[in-house]
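Each chain is listed here by its residues.
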Amino acid sequence: MAKTESGELLVASSPHLWAGVSTSQIMRDVLIALAPAALGAVYFFGWRAALVIALSMGAAALTEWGCMRLMGKPSTLGDGSALVTGLLLALTLPPASPVWLPVLGAAFAIAVVKVAFGGLGHNFVNPALAARAFLLAAFPAAMTTWTSPFDAVTTATPLAVLPTPFAPDVLAGPLPSYRDLFLGTVGGSLGETSALLLLIGAVYLLVKRVIDWRIPVGFLGTLALLSWALGGQAGLFTGDPLYHLLAGGAILGAFFMATDYVTGPITPQGRWIFAVGCGLITVLIRLYGGYPEGVLFAILLMNVVTPLIDRFIVPAPFGGVKGRA
Amino acid sequence: MNLWARFRGGVHPDARKTTAQCATQPLPRPERVVLPLRQHIGAPCQPLVKKGDEVALGQPIGDVDAPVSAPVHASVSGKVVAVEPRLTPGGRTEQAVVIEAAPEDVPWEGLPEGLGWDLDPESLDPAFIRDRVRQAGLVGMGGAGFPAAVKLTPRPGSEPDVVILNGAECEPAITSDHRLMLEQPEQVVLGLRLFMRACGARRGVIGVEANKPDAAAKLSQLVAGDPALSVEVLPVRYPQGAEKMLVWALLRRAVPVGGIPLDVGVVVQNVATAAAAAVALAEGRPLTHRIVTVSGRVASPGNWRVPLGTSFVDLMQAAGGLTGALARVIAGGPMMGIAQPDLDVPVIKTTGSVILLGPEDLHETPAGPCIRCGRCVTACPMGLLPAQLCDAAMASDWARAERFHVRACMECGSCSYVCPARRPLVQSIRLAKSELGRRARGGRG
């Protein structure tokens, strides 16, 4: 048979085309989307915020590199997921964190939560959130020392001052205005303060179709509905849904953490269940639980339920199966 | 454009229809042709000629008395120099008749008489049309190669009421159907009327993707005034030309998994098959030639009218030769086409396109871990979960693959096309399907 003048032909199973969006490009898009909130944190909280972010991202990258090296495997730094974990963790930390806090958290996220379970794609909970939960449990004081923007005076977070049905009279301080919440001129962790800056990044991710709109819509929709229905002092449907949406980590969680591919369901139907579950648990914790903020544990709990959701949600193929109508 | 004519999922690969304005040219007559005795789905033909025989253009050289099959005809006049196994573009080695071309083509005197281009399909007996379609060796020329006459034979209980002609040509880089619709629209429309008569359908629809407005306009002119016929312009989206997607987009009828369009009263044929049917009835000529798009790393890509059995080497030379290193040869489109181990394979009835790619066109990067992004789920037009199927296949867990409806996959490749981790999704699904098929066959004995 005639061979071609150029030698060997490569045979492969089709398709022979590729859309060209790689895992590392997706991670890069997430970093770009988080950039406004990260820069905002530096603007609000000063160089301490920059230090926390740098330490967290650096420690995450270094830990992943070290783990892979120890295991004698090729470096996976190139996929960019370690940097995303580092940045996400940093955005959940208080601005006045001692320097060891982000380092320890990032190392835990990567080594224990991610690499120990098989690395990217195999961790069953979101590494950044699990690390935050670990830090919160181990170092409650360091994790709950909040400072107000610009002057670094110790302050309460917007959710902590919000009365709950169980403690209706405890108004721990003046409630911040919607405007402060929206712009971010309130106390809180690095990235959860400014709804505006987070939403800029969220729009970028939605437009580029990096994240599934169902998750933020289902999550925040449930949160708004239930906090309106159950969160008020004067009975049903007297709550303040807008406050619940803007305060705390709801926006950061709904757009950037619940949308983590690896730890969420893969089907659109499953994502609805996941999102509504996140909203429901957040409200339960915020209104009836011991912590002022419930987003963290809501997402972690739904992460754990995800394999179950994916096991049971098997959509019927197009057209249905013949003879089974 | 009919904006409602949509299906769920699908992808938007760059169309790359650079040869759309290249009028079909005749190919310089090849010195020899290789005609595999199976160019269709179904039973292979038995050779009707032997080494040393003289054959004439259009003479049957292979046929078999089987319910699902289609005869093969000499595409040149000449002398049979071998009947031997040859590599086909489908990837298999099949028995093939090799003909050395005589200086001139002489039509075979046994050809049935043509009815002329002014024939009236309504005056013909449906069984007569089906018989002529079978005799002419017509198969689905869009790539599947299912014998056309079999599809036109009504089955008790499922009488088709619509014939759809598939002119979507949703694969990137292919323009052979586009040129055919533009250059021989009368043949396409006559073919549609013949198919409708043959299967008893009262409605005929030609589906054309919106990136071929000139072809759609020509066909629309021809069907204007006939309320039974229409031309629908479809949104550009791969795999619009997949039978089930097309039937859904045009008629909102869902073909069940494991079923065929006839189950919902539809017969789908390719536009090239329709044109070939018109030629077979009007002129009595069987299927011996087809239009092939040659594109990629060649000096002058274009469309050629090619005798079946022509080597890809001849096509490459007709297109001005290679402009660089050759790394992959694809028979068909870049999404579903088959990569060839050798350039010296023949054009068969289903070869609408030959793409010659250089190393710079390949995106071979190693697969990374699945990040569960769900892009494959969104892209799958069948509503399957390719990532889960891939997992099951990689674990050789065939039962789990079945639970996730692996058999419903039509292998369009949209999942692998979008996968950011470059996972072999459709490839592993193919593995699971073939393994399950093997087990089903083995289990019978």
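Residues numbered from 1 in each chain as written. Chains lettered and ligands numbered in written order. Predicted model: local features only at pLDDT ≥ 70, side-chain atom pairs only at ≥ 80, totals over all residues. Heavy atoms only, no water.

Participant: Run through the packing of aromatic side chains, naming residues and quoting values.
Facilitator: Inspection of every chain in the model, using the stated rule, returns eight aromatic pairs over all chains. Measuring from centroid to centroid gives 5.0 Å for Phe117(A) and Phe124(A), while their planes differ by 70°, and the two rings are edge-to-face. Taking the centre distance of 4.7 Å and the plane angle of 65° together, the rings of Trp228(A) and Phe237(A) count as edge-to-face. Across from the ring centre of Phe7(B), 5.5 Å away, lies the NZ or CZ of Arg237(B), which sits over that ring. Geometry around Trp18(A) places Arg422(B) over its ring, the cationic atom sitting 4.3 Å from the centre. (Phe/Tyr/Trp six-rings, centres within 6.5 Å; stacked < 30°, edge-to-face > 60°. Lys NZ or Arg CZ within 6 Å of the ring centre and 35° of its normal.)

Participant: Describe the interface of chain A and chain B, and please don't skip the residues or the numbers.
Facilitator: Listed by partner, the interface residues are 48 residues for chain A and 66 residues for chain B. Of the roughly 4,700 Å² buried where chain A meets chain B, counting both sides, 60% is carbon and sulfur surface. The tally of links from chain A across to chain B stands at one salt bridge. Inspection of the region where chain A meets chain B yields 21 residue pairs in polar contact (both at pLDDT 80 or more). Those elements that provide at least two residues to the side of chain A that touches chain B are helix H1 (23–45), helix H12 (268–288) and helix H13 (295–312) of chain A. With three residues, the single largest contributor to the side of chain A that touches chain B is H13(A). (Contact = heavy atoms within 4.5 Å. Buried area = accessible area lost by both parts, 1.4 Å probe. Salt bridge = Lys/Arg side-chain N within 4 Å of Asp/Glu carboxyl O. Polar contact = N/O pair within 3.5 Å; in protein donor to acceptor, adjacent residues only side chain to side chain. Helix = DSSP H or I, 4+ residues; strand = E, 2+ residues; numbered from the N terminus.)

Participant: Give me the domain arrangement of chain B: which residues, what numbers.
Facilitator: Residue and element names in this part refer to chain B. For chain B, the domain assignment lists domain 1 (121–283) and domain 2 (375–440). Computed over C-alpha atoms only, the centres of domain 1 and domain 2 are separated by 29 Å. Across the contact, six residues belong to domain 1 and six residues belong to domain 2. Of the roughly 490 Å² buried at the junction of domain 1 and domain 2 (both faces included), carbon and sulfur atoms supply 79%. Contact with domain 2 buries area across many residues of domain 1, yet Tyr238, Met245 and Val257 alone supply 64% of it, more than any other trio. The tally of links from domain 1 across to domain 2 stands at zero salt bridges. The tally of links between domain 1 and domain 2 comes to one residue pair in polar contact (both at pLDDT 80 or more). Looking at the side of domain 1 that touches domain 2 residue by residue, the class counts come to five nonpolar, no polar and one charged. (Domains from an automatic or database assignment. Nonpolar A, V, L, I, M, F, W, Y, C, P; charged D, E, K, R; others polar.)

Participant: Please give an account of the side chain of Asn166(B) that cites residues and values.
Facilitator: Residues and elements named next belong to chain B. Assignment of secondary structure puts Asn166 in strand E9 (residues 162–167). A distance of 3.1 Å separates the side chain of Asn166 from the backbone nitrogen of Ala168, its partner in a polar contact. Not counting chain neighbours up to four residues away, the residues in contact with Asn166 comprise Asp177, Gly207, Gly241, Leu246, Val268, Gln269, Asn270 and Val271.

Participant: Can you break down the nonpolar core residue by residue, with the values?
Facilitator: Within the largest apolar cluster, 87 residues are counted, with the highest numbers of intra-cluster contacts made by Leu34(A), Leu190(A), Phe219(A), Phe256(A) and Ile299(A). Counting residues per element, this core draws most heavily on H1(A), at 10 residues. Excluding residues that lie within four positions of it along the chain, Phe256(A) makes contacts with Ala33(A), Leu34(A), Leu88(A), Leu198(A), Gly201(A), Ala202(A), Leu205(A) and Ile251(A). If you look at the next biggest cluster of nonpolar residues, it comprises 82 residues, including Val55(B), Leu138(B), Val313(B) and Ala331(B). (Core = buried A, V, L, I, M, F, W, Y, C linked by side-chain atoms within 4.5 Å. Buried < 20%, exposed > 50% of the residue type's maximum accessible area, 1.4 Å probe, protein only.)

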